[in-house]
Amino acid sequence: TVKFVGDYRYRPATDSSTVASGSRLTVSVPKAIGRSGSTYILGSGNSYNVIADILPVREGACANLVVQRLSGSGWVTTRTVNCEPIGSPSRVWGIVYRVETPGTGRIMFSVPADKIAGAVASPWVYFRFS
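Described below are features of the structure shown in this document. (Residues numbered from 1 in each chain as written. Predicted model: local features only at pLDDT ≥ 70, side-chain atom pairs only at ≥ 80, totals over all residues. Heavy atoms only, no water.)

## Observations concerning the side chain of R79
Logical step 1: Note that R79 resides in strand β8 (residues 74-85).
Logical step 2: A polar atom in the side chain of R79 sits 2.3 Å from the backbone oxygen of I95.
Logical step 3: Discounting residues that sit within four places of it in the chain, R79 has contacts with L65, V66, V67, I95, V96, Y97 and E100. (Helix = DSSP H or I, 4+ residues; strand = E, 2+ residues; numbered from the N terminus. Polar contact = N/O pair within 3.5 Å; in protein donor to acceptor, adjacent residues only side chain to side chain. Contact = heavy atoms within 4.5 Å.)

## Some details on the pattern of salt bridges
Logical step 1: If you walk through the whole model with that rule in mind, you get 3 salt bridges.
Logical step 2: Here R58 ties to D114 by a salt bridge, and the two come within 3.1 Å at their closest N and O atoms. Taken together, the positions of R58 in the loop between β6 (47-55) and β7 (62-71) and D114 in the loop between β10 (104-111) and β11 (120-121) put the pair 56 residues apart, joining distant regions of the chain.
Logical step 3: Overall, R58 belongs to the buried group, its relative accessible area being 0%.
Logical step 4: Accessibility expressed as a relative area gives 33% for D114, which makes it partly exposed. (Salt bridge = Lys/Arg side-chain N within 4 Å of Asp/Glu carboxyl O. Buried < 20%, exposed > 50% of the residue type's maximum accessible area, 1.4 Å probe, protein only.)

## Regarding the pairing of β6
Logical step 1: Bridge count between strand β3 (residues 24-28) and β6: 5 bridges; the pairing is antiparallel. Bridged to T26 within β6 is D53.
Logical step 2: Relative to strand β9 (residues 91-97), β6 runs antiparallel, the two being bridged by 7 bridges. Paired with S47 across the bridge in β9 is Y97. (Pairing = 2+ DSSP bridges.)

## Details of the pairing of strand β5 (residues 39-42)
Logical step 1: The alternating pattern of β5 places T39 and I41 on one face and Y40 and L42 on the opposite face, and all of these are buried.
Logical step 2: Relative to β5, strand β4 (residues 34-36) runs antiparallel, the two being bridged by 3 bridges. Each bridged residue has a counterpart across the sheet, and for G34 the counterpart in β5 is I41.
Logical step 3: In this antiparallel pair of consecutive strands, β4 and β5, the connection spans 2 residues, and G37 shows a positive phi of 65°.
Logical step 4: As paired strands, β5 and strand β12 (residues 125-129) are joined by 4 bridges and run parallel to one another. Directly across from L42, in β12, lies its bridge partner F129.

## Digging into the nonpolar core
Across soluble globular proteins, you tend to see nonpolar side chains buried next to one another.
Logical step 1: The biggest cluster of nonpolar side chains holds 24 residues, and the ones touching the most others in it are L25, L42, V96, I107, F109 and F127.
Logical step 2: Of all the elements in the fold, those that place two or more residues in this core are β3, β5, β6, β7, β9, β10 and β12.
Logical step 3: With 4 residues, β6 is the single largest residue contributor to this core.
Logical step 4: Filtering out sequence-adjacent residues up to four positions away, L42 remains in contact with V29, A32, I33, Y48, V96, F127, R128, F129 and S130. (Core = buried A, V, L, I, M, F, W, Y, C linked by side-chain atoms within 4.5 Å.)

## Observations concerning the packing of aromatic side chains
Logical step 1: Applying the stated criterion across every chain yields a total of 3 aromatic pairs.
Logical step 2: Centre to centre, the rings of Y48 and F129 are 5.9 Å apart; their planes meet at 55°, and the pair counts as tilted. One end of the pair, Y48, is in strand β6; the other, F129, is in strand β12, with 81 residues separating them in the sequence.
Logical step 3: Take Y48: its relative accessible area is 13%, and that puts it in the buried class.
Logical step 4: Note on F127 and F129: the rings are 6.1 Å apart at their centroids and 90° apart in plane angle, and the pair reads as edge-to-face. One exposure class covers both F127 and F129, and it is buried.
Logical step 5: By the ring-pair criterion, three or more aromatic residues cluster together here, those being Y48, F127 and F129.
Logical step 6: Taking NZ or CZ as reference, R35 lies 4.2 Å from the ring centre of Y40, over its face. (Phe/Tyr/Trp six-rings, centres within 6.5 Å; stacked < 30°, edge-to-face > 60°. Lys NZ or Arg CZ within 6 Å of the ring centre and 35° of its normal.)

If you want it as structure tokens, here you go:
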């Protein structure tokens with residue numbers, strides 16, 4: 001709510017407006033050796049970091065992540081992390097392991113709503129170990 005106190009030419013006035021705030025969550029795999037379409041190709045290592053950056057700044061809040069692997073019958077959840085702390089600079093790290101996703105895997109980050117902004121979730125990010 002904004003209130004204009006007025007002056008000798010204008011009467012005081014009050015106006016209000018509702019502003020919707022949203023969040024943006026971007027995911028990257030910085031050490032990937034390449035991409036095949038939308039799938040990140042990971043090298044010969046046993047684990048890789050996946051980074052999610054959240055705007056507006058949500059340091060100290062919690063992020064959730066889900067890791068799944070592709071099996072013959074569809075996607076199987078191999079790990080769920082509830083409340084990974086978001087650090088500075090509004091970034092959260094996830095790790096994908098070769099042992100839990102020996103073929104094609106995917107990861108998704110989400111941040112629940114809080115006083116700063118609404119809930120936000122990333123799309124699934126696909127990866128494959130070489």
